[in-house]
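Next come the chains, spelled out residue by residue.
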Amino acid sequence: MFKSVNAKLDAPSMEDNVLKMWKKQDIFKKTIEQRMGKPEYVFYEGPPTANGRPGVHHVLARAFKDMFPRYKTMRGYHVSRRGGWDTHGLPVEIEVEKQLGFNSKHQIEEYGVDKFNELCKNSVFTYIQEWEKLTDRIGYWVDLDEAYVTYTNEYIESVWWILKNFWEKDLLFKGYKIVPYCPRCGTPLSDHEVALGYDDAVDPSVFVRMPLVDKPDTSLLVWTTTPWTLPANVAVAAHPEVEYVTIERDHNGTKEKLILAKNLVEKIFKDEEVKVVDTYKGKKLKGVKYKPLFTFMTVDKPAYYVLLADYVTTEDGSGLVHQAPAFGAEDMEMAKQYDLPILLTVQPDGTFIPEITPWRGIFVKDADPLIIKDLDARGLLFRAGTITHTYPFCWRCKTPLLYYARESWYIRTSAKKDRLVELNNTINWVPEHIKAGRFGNWLENNIDWSLSRERYWGTPLPVWECENSDCKHRECMGSVAELSEKVGRDLTELDLHRPHVDNVHWKCVDCGGKMTRVKDLIDVWFDSGSMPYAQWHYPFENQDKFKQQFPADYICEAVDQTRGWFYSLHAISTLLNDDVSFKNVICLGHIQDGEGRKMSKSLGNIVQPWDVLNVHGADALRWYLYTATPPGQERRFSSDLVGDVIRSFTLTLWNVYSFFITYANLDKPQALTVTAPTNDLDRWLLSELNVLVRDVTNAYENYDVTNATRPVEKFVETLSTWYVRRSRRRFWKNDSSADKQAAYSTLYTALVTVAKLIAPAMPFLAEELYQNLVRSVDETAPESVHLAEWPQVMEEFIDESLNRDMNLVMKLVSLGHSARQKANRKVRQPLASASFSVGTTTERKALMNNVDTIADELNVKQVRLLDSATEAVSHTVKPFSKQLGQKYGNKFPAIQKAILSMNAEVVASTLMAGQPLEVTVGDETFQIISEEVEVKTQAKSGFAVAEDGAYVAALVTDLTPELIAEGMAREFVRRVQDLRKATDLDVADRVELFVEATAGLRSAIEAHEVYIKAETLTTKLSFANPPANASVVEDEFEGEKVKVGLLKA
RNA sequence: GGGCUUGUAGCUCAGUUGGUUAGAGCACUGUGCUGAUAACGCAGGGGUCACAGGUUCGAAUCCUGUCAAGCCCA
């Protein structure tokens, strides 16, 4: 009836078979098709790039992505899960540059942008087969056949449409951006590239005087490590709250006054005696004018005064920061805020412009000493030295990077800041702190999105500009049709990438000049953030599809995407249609190695997913990722940690499953559905099972992965170590009683339900269990567990008090074992009685309802309550600090002391009689009730005792000859069972026994012959020398000797 | 420099609105049990709850500061 099950599980090969079955029966497609017309559950795949190999961190994200579509499918939703690939951008270009041995943009231009981009396009899917293979193997169901690809013309056209929309709303504009720039390579560097090139550098450390306009004998003392930026100086920044001083000192025989931060005086002047003539807050300096150091450039706006900025520190320098907006991001921000002029004194190749006459054409770093000399000659230099600090260099050519103002296109996201924040507040973030924290903060401090990139392989910015520098008329194209109309020919076949699109021109409507596309591409994050629209070529096609699939119910990526994809999705949908693009998001922490270090090539500690998959399988890997830590946390990862999952969870479940199959195939139980359970164990298990279904379902609904998985582990453990252990005999019984049927149907229900509950998390094991448990007996059942319905909570089965009672029973049994151990009485030796003390009346009842279970577990003849009336007991009392503390506050310590100083027996008897206890402290009297004091009962003597809190187990350990004989019979059974096992008999095989034993043991065996024969499935037991062909064991215990021979009957 | 997160046993993690004796699993040791089990039960060792202050009758928990780690930004 059921397929027989190997008790040993080979997870990888089991999973392989499941994969084959899914493929053969096209299950994934069916999970989508069979839910057609059902409510839509929308999942967006954040597109990965396939020009690199997938690693463990991709498995992490994909495992979490996979869970909810599977869950929602089982809940009856239609979940199409379209894959996607991110195909543009610098990483692709860099790979191609490496291939070609290039290290600069010049080389690309010389080589030909068309050929270069062709190579980029071809390299985009270098590793797609590895991606597909891994995706398949880990059971991530995503539609890769229909995946959207960001480099297609359709995708780009949708992106253009969005940009045009922004253009029309005046949200797309041109401005300056400070970028880390390599003057040799002639290109700005990405943050990632900058991070590659930090190194120690020795730079000038220069203090200069900037004399005040109104008081020429007083100067601002200003510090810089980049003297070459001084000709571009337009202002000086002071911190509003920092204390500044004016000091007086001797200088070449005269007195001079200098202004600087108070707590830097000592550092700068060291032993020199200076006189502080004034002290004030930085904000007093606001607007103070100074004479410019250089006047090469004319300024068209107010400049050369002190402004206030919070980022000024007094760690280094003088507390007065020189502002050159063209060469510092913070400076540029201040320039925007104060409307300062921006002096571009340096050319893209890193040399001074002609206007800087003394140093024209000189590389700025080489000009540093010359500038210092010039300042010194004019008496403006206060001090020049050097400083060693970390500074970024170009990772390709080691040239020191300049921070440099470049023209750049922006999206005016700051205009919609409030809306970005408001809409974010409607999104469910997991973990929750990201919403107001990392992401919310980022939105609160929103700055305009720097959109353009001076590169080759990406979505071109669809803005055309008149080449006539007096005209500069600009137009933004929102579709291919619009562009075609402009030029008067059909451009449908045009490749929208560079350089082809750059060759499209038309006549300027204003001046008749030539309209040419600006050279920039757009940020790849704009590509991926456009996917809700662009994946459908919206609005040019699929308007209904878009409406149906927007916004996403669920997305999931790692935490580094807060500023990446999460932001680009959110910003674009907010600006475009004033809506969120996702409702729920899980934000994953990063993966570290087994020691908690981050995985990196240089450390050589990268774990390859295949190494884990081939050994432990995908389910164990997935389960580990779900259960190890909450999703937002970093998680340690190693093959061994995944292996623990197999041992602690998978095998436990598998063994219960194989136990069920083994006996069910022997017994062929009639019905497998549960109706109204009568057996307490069954009732309890079904109660726990439905609590589990309830809790796991709630967790899934709340995107709480940890609580959707961990409780299943706990349940399976209890199922194995309590339910099955306690029920074993019910399965062994040689009949087909109703009780046995009930045991089968209960265990069956538990296993099938667990299979469904783990289906989203462990899709393979769930399928394996389901196919055998369900499909092999019911051909009408859904073809796959992933097509099955999610289990319903059957509230009528939930009985919380029953669950509490069983917990108590386990607790008392545990105490009983503990007492046994203390008395050094092994469990095979029956004892006369176990007595217990429990806390409440309900618990007393629960104990009495379960005396049989407890007696059996502890191997005692009698189970009862310790009774103060009949037993020799004593009591101790312990005031509950929580109750008393909350009630009496700071009087609690005195009350506690008073209670403890009273006679414990008196206190106990008063409280147990339900009387309030009168406690006097000083001249106050308090009425203490029984709920406020724990009363512990203890056995005085004649018992082996174990206790925990209010719970006490006391065993009578005296042995009678009858008890000893029974113990010996059990010892004997144990030997026979071992022999059966060693002889490799089947569980149901009958045997014949031949026994030689010393007198005491022999009489014990004779006395318990019926029991022994039943336990060991013995048809005939004779006291005789075993025949030659029998399996034989000899042993000695309790001073008796035995020789047993066994033959299969 | 700023923001966010984390810090509890050798390891992986729990720890409810503050309650006096801080838990579980793994690993280790001892012992017991077992015809589903690669298991399981009981016991033991192992903790200045990162550190320092503060609030409180009482702090792993609340507040302030410090340190360390990770991520993002500058």
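Bear in mind that the values here come from a model prediction, so they are computed numbers and not experimental data. (Residues numbered from 1 in each chain as written. Chains lettered and ligands numbered in written order. Predicted model: local features only at pLDDT ≥ 70, side-chain atom pairs only at ≥ 80, totals over all residues. Heavy atoms only, no water.)

A. Inspection of the overall build of chain A at higher detail. Of regular secondary structure, chain A possesses 36 helices and 38 strands. Compactness check: chain A gives a C-alpha radius of gyration of 40 Å against a globular reference of 31 Å for 1049 residues, more than 25% above the reference. The C-alpha extent of chain A, read off along each of the three principal axes, is 120 × 85 × 50 Å. With 1049 residues in all, chain A has 55% of them scored as buried. As displayed, chain A offers around 46300 Å² of accessible surface, 48% of which is attributable to carbon and sulfur atoms. (Helix = DSSP H or I, 4+ residues; strand = E, 2+ residues; numbered from the N terminus. Rg over C-alpha atoms; globule rule 2.2 N^0.38 Å. Buried < 20%, exposed > 50% of the residue type's maximum accessible area, 1.4 Å probe, protein only. Areas by Shrake-Rupley, 256 points an atom, 1.4 Å probe, with all protein chains shown as cover.)

B. Looking closely at the sheet that holds strand β15 (residues 428-430). Here three strands make up an open sheet; going across it, the order is β15-β24-β23 and the pairing parallel. Unpaired on one side and paired on the other, β15 and β23 (552-558) mark the two borders of the sheet. The sheet shows a mean angle of 15° between the axes of neighbouring strands, taken without regard to direction. Lying over the sheet, helix α3 (residues 56-74) contacts β23 and β24 (582-588), oriented at roughly 165° with respect to β23. (Pairing = 2+ DSSP bridges. Axes fitted to C-alpha atoms, helices over the stretch in contact; angles between N-to-C directions. Contact = heavy atoms within 4.5 Å.)

C. Local environment of the protein's contact with RNA strand B. Around RNA strand B, 53 residues are found, and the nearest of them are Arg 636, Ser 881, Phe 892, Arg 974 and Arg 980. A distance of 3.0 Å separates a phosphate oxygen of RNA strand B from a polar side-chain atom of Arg 728. Here Arg 970 contributes a side-chain N or O atom positioned 3.2 Å from a phosphate oxygen of RNA strand B. Residue assignment for the surface near RNA strand B shows that the elements contributing at least two residues are α15 (438-444), α23 (639-667), α25 (705-732), α28 (800-823), α31 (881-888), α32 (892-901) and α34 (961-982). Here the residues of the surface near RNA strand B sort into 15 nonpolar, 19 polar and 19 charged. (Near = heavy atom within 4 Å. Polar contact = N/O pair within 3.5 Å; in protein donor to acceptor, adjacent residues only side chain to side chain. Nonpolar A, V, L, I, M, F, W, Y, C, P; charged D, E, K, R; others polar.)

D. Fine view of helix α7 (residues 128-137). Residues of α7 that are buried: Ile 128, Trp 131, Leu 134, Thr 135 and Arg 137. Positive phi shows up at Gly 139, right after α7, with a value of about 75°.

E. Local environment of the packing of helix α24 (residues 680-701) against α28. At a closest axis distance of 9 Å, the pairing of α24 and α28 adopts a crossing angle of 115°. By the criterion of interaxial angle, the relationship of α24 to α28 is roughly perpendicular. Note that α24 runs across α28; the crossing there is left-handed. The segment α24 lies against α28, with Asp 680, Leu 681, Arg 683, Trp 684, Ser 687, Glu 688, Val 691 and Arg 694 engaging Glu 800, Leu 802, Asn 803, Met 806 and Met 810. A per-class count over the contact of α24 with α28 returns six nonpolar, two polar and five charged. (Parallel < 35°, antiparallel > 145°, perpendicular 65-115°, else oblique. Left-handed = near helix turned anticlockwise from the far one by under 90°.)

F. Layout of the pairing of strand β34 (residues 951-956). Counted residue by residue, β34 has six buried out of six residues, so it is predominantly covered. Because side chains alternate across β34, one face comprises the buried residues Tyr 951, Ala 953 and Leu 955, and the other comprises Val 952, Ala 954 and Val 956, equally buried. With five bridges connecting them, strand β27 (residues 831-837) and β34 associate as antiparallel partners. In the sheet register, Ser 833 faces β34, and the bridge partner there is Val 956. Relative to β34, strand β33 (residues 944-948) runs antiparallel, the two sharing five bridges. Within β34, the position partnered with Ala 946 by the bridge is Ala 953. In this antiparallel pair of consecutive strands, β33 and β34, the connection spans two residues, and Gly 949 shows a positive phi of 60°.

G. Broad picture of unusual backbone geometry. Residues Val 430 and Pro 431 are joined by a peptide bond in cis, for which omega reads -5°. Among the structural elements, Pro 431 can be located in the loop between β15 and α14 (433-436). Looking along the chain, the bond that leaves Tyr 538 and enters Pro 539 is cis, with omega of 0°. As for its position among the elements, Pro 539 is in the loop between α18 (531-534) and α19 (543-548). Phi at Asn 252 takes a positive value of approximately 50°, unusual for a residue other than glycine. Structurally, the position occupied by Asn 252 is in the loop between β8 (243-251) and β9 (254-261). Positive phi values are uncommon outside glycine, yet Tyr 703 reaches one of about 55°. Tracing the chain through its elements places Tyr 703 in the loop between α24 and α25. Overall, Tyr 703 belongs to the buried group, its relative accessible area being 5%.

H. Structural detail: the pattern of salt bridges. In this structure the tally under the stated criterion is 62 salt bridges. The residue Arg 75 makes a salt bridge to Glu 701 at a minimum N-O spacing of 3.3 Å. Here Arg 75 is found in the loop between α3 and β1 (82-85), whereas its partner Glu 701 is found in helix α24, with 626 residues between them in sequence. Here Arg 75 falls in the partly exposed class, since its relative accessible area comes to 36%. Judged by its relative accessible area of 35%, Glu 701 falls in the partly exposed class. Its salt-bridge partner being Asp 553, residue Lys 583 comes within 3.7 Å of it at the nearest N-O pair. Residue Lys 583 is found in strand β24, and its partner Asp 553 is found in strand β23; the two are separated by 30 residues along the sequence. Given a relative accessible area of 40%, Lys 583 falls into the partly exposed group. Here the salt bridges do not stand alone but share partners, grouping Lys 826, Arg 828, Glu 971, Arg 975 and Asp 1035 into one network. (Salt bridge = Lys/Arg side-chain N within 4 Å of Asp/Glu carboxyl O.)

I. Representation of the confidence of the model for chain A in the model. On average, chain A scores 87 in pLDDT, and the residues at 70 or more come to 96%. For this predicted complex, the interface score ipTM comes out at 0.92, while the overall pTM is 0.86. (pLDDT = per-residue confidence, 0-100.)

J. Looking closely at the sheet that holds β34. Pairing within the open sheet is mixed, and its four strands lie in the order β28-β27-β34-β33. Looking at which strands have only one partner, the edges of the open sheet turn out to be β28 (860-865) and β33. Ignoring which end each strand starts from, the neighbouring axes of this sheet average 15° apart. Relative to β28, helix α29 (residues 841-849) is tilted by about 160°, and along the sheet it contacts β27, β28 and β34.

K. Examining the pairing of strand β38 (residues 1040-1048) more closely. By the bridge criterion, seven bridges tie strand β35 (residues 991-997) to β38 in an arrangement that is antiparallel. Of the residues in β38, the one forming a bridge with Val 991 is Lys 1048. The sheet contact formed by strand β37 (residues 1031-1037) and β38 spans seven bridges and is antiparallel. Across the sheet, Val 1032 pairs through a bridge with Gly 1045, a residue of β38. Hairpin connection, β37 to β38: the antiparallel pair is bridged by two residues, and Glu 1038 has positive phi, about 50°.

L. Fine view of the packing of aromatic side chains. Summed over the entire model, instances satisfying the criterion amount to 59 aromatic pairs. When the ring of Trp 160 is compared with that of Trp 464, the centres are 6.3 Å apart and the planes differ by 85°; the resulting orientation is edge-to-face. Residue Trp 160 is located in helix α8 (residues 153-168), and its partner Trp 464 is located in strand β18 (residues 463-466); the two are separated by 304 residues in the primary sequence. One exposure class covers both Trp 160 and Trp 464, and it is buried. Note on Trp 449 and Phe 526: the rings are 5.3 Å apart at their centroids and 45° apart in plane angle, and the pair reads as tilted. Pair noted here: Trp 449 is in strand β16 (residues 449-450) and Phe 526 is in helix α17 (residues 524-529), with a separation of 77 residues, a long-range link. A relative accessible area of 8% places Trp 449 in the buried class. By relative accessible area, which is 0% here, Phe 526 ends up buried. Put simply, the rings of Phe 2, Phe 659, Phe 660, Tyr 663, Phe 731, Tyr 744 and Tyr 748 touch in pairs and so form one group of aromatic residues. (Phe/Tyr/Trp six-rings, centres within 6.5 Å; stacked < 30°, edge-to-face > 60°.)

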